[in-house]
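A look at the structure
The primary structure of each chain is shown beneath.
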Amino acid sequence: NKSWTFQAHPDRLQLFKQMGVDIVSLANNHVYDYGIEGFEDTLKYLDDADIPRIGAGMNLGEAAEGYYFVVNGVKVGIVAASCAEKVSFTPVATESTPGVMGTYNSAEFIKAIKKADSECDVLVAYVHWGTENTTKLDEEQKTFAREYIDAGVDAVIGGHTHCLQGMEFYNGKPIIYSMSNFWFSNYLSETGILTLRIDGEMNVQTLFMPLVQQNGEVRCYKTVEEKRALYEKIESYEPQGVSILDDGTVLPA
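If you're wondering where the values come from, they're calculated on a predicted model, not measured in any experiment. (Residues numbered from 1 in each chain as written. Predicted model: local features only at pLDDT ≥ 70, side-chain atom pairs only at ≥ 80, totals over all residues. Heavy atoms only, no water.)

What follows is about the packing of aromatic side chains. Per the counting criterion, the structure on display carries 7 aromatic pairs. Judged by centre distance (6.2 Å) and plane angle (75°), the ring pair of phenylalanine 6 and phenylalanine 184 falls under edge-to-face. Of the two residues, phenylalanine 6 is situated in the segment before α1 (13-19) and phenylalanine 184 in the loop between β10 (173-176) and β11 (189-198); the sequence distance between them amounts to 178 residues. On the accessibility criterion, phenylalanine 6 (42% relative accessible area) is partly exposed. Aromatic side chains phenylalanine 109 and tyrosine 148 sit 5.1 Å apart centroid to centroid with 85° between the ring planes, which places their arrangement in the edge-to-face category. On the criterion of sequence distance, the pair formed by phenylalanine 109 in helix α4 (residues 107-117) and tyrosine 148 in helix α5 (residues 139-151) is long-range, its members being 39 residues apart. Comparing phenylalanine 109 with tyrosine 148, the two get one shared label, buried. An aromatic cluster of at least three residues, connected via ring pairs, comprises Phe109, Trp129, Phe144, Tyr148 and Tyr177. (Phe/Tyr/Trp six-rings, centres within 6.5 Å; stacked < 30°, edge-to-face > 60°. Helix = DSSP H or I, 4+ residues; strand = E, 2+ residues; numbered from the N terminus. Buried < 20%, exposed > 50% of the residue type's maximum accessible area, 1.4 Å probe, protein only.)

In this section: the nonpolar core. Counting residues in hydrophobic clusters, the biggest one holds 28 residues, and the most contacted among them are Phe109, Ile113, Trp129, Tyr148 and Val156. Elements with a contribution of two residues or more to this core: α3 (60-64), β5 (74-82), α4, β7 (122-128) and α5. Contact partners of valine 156, with chain neighbours within four places excluded, come to Ala125, Val127, Trp129, Ala145, Tyr148, Ile149, Pro174, Ile175 and Ile176. Ranked by size, the runner-up nonpolar core spans 19 residues in total, among them Ala155, Met179, Leu194 and Val250. (Core = buried A, V, L, I, M, F, W, Y, C linked by side-chain atoms within 4.5 Å. Contact = heavy atoms within 4.5 Å.)

Right, let's get into the pairing of β5. Extensive coverage of β5 is indicated by the burial of 8 of its 9 residues. Here 5 bridges tie strand β4 (residues 67-71) to β5, and the two strands are oriented antiparallel to one another. When the bridges of β5 are listed, valine 71 appears paired with valine 74. In this antiparallel pair of consecutive strands, β4 and β5, the connection spans 2 residues, and asparagine 72 shows a positive phi of 50°. Where β5 and β7 come together, 7 bridges link them in parallel fashion. By the bridge assignment, serine 82 is partnered in β7 with histidine 128. (Pairing = 2+ DSSP bridges.)

Written out as structure tokens, the structure reads:
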């Protein structure tokens, strides 16, 4: 009874390889569109393709588990969770049943964050959340983002809304509420690529590359005027928490 269900042939995983995808999050509102059979297939095909996955699993322990990369001597961890659905279609994993890592109540995800934080130098939380097609933030987004950072996260990155949302810093840590769609459908959508740079003090520096998606293609904004116009939109979005320099550097407002 869902309005939209998505399925792709397993051969399409080769596109991930071609694009250089290093990890995927399954914490979203479509991973269970084709029930337990489709869900288990998704886990299997990713594993067979040697593409790490986070945010879902056959039980809560698997769904909560972070993944870690060592980058120039720095151990970076990534955890993922979802609170995207207003009407529940996608099961949240429990100790004995499959599903996504849920954060409708943040308690279990906070536990996962604390565990992951103890195992790495820098921790990123990717969260599927927010109301679609609006720059207005849900109260849960603002509240939970701070809870995640208090628990040990160094950067919170969001998605799901199909549009860019605002950004801010909390205790010096970036919160990027939604990155929009990188590549999705044919309609016009402003988007971007986010780069996180970790300095010698383990601080996360944030840069935003402005892009536009239309007619199945994604291109860079090239002129200073195009870039500046998108930066100023993002600066104006709730909570009006950042200032973006011409080179894309994101700073607290």
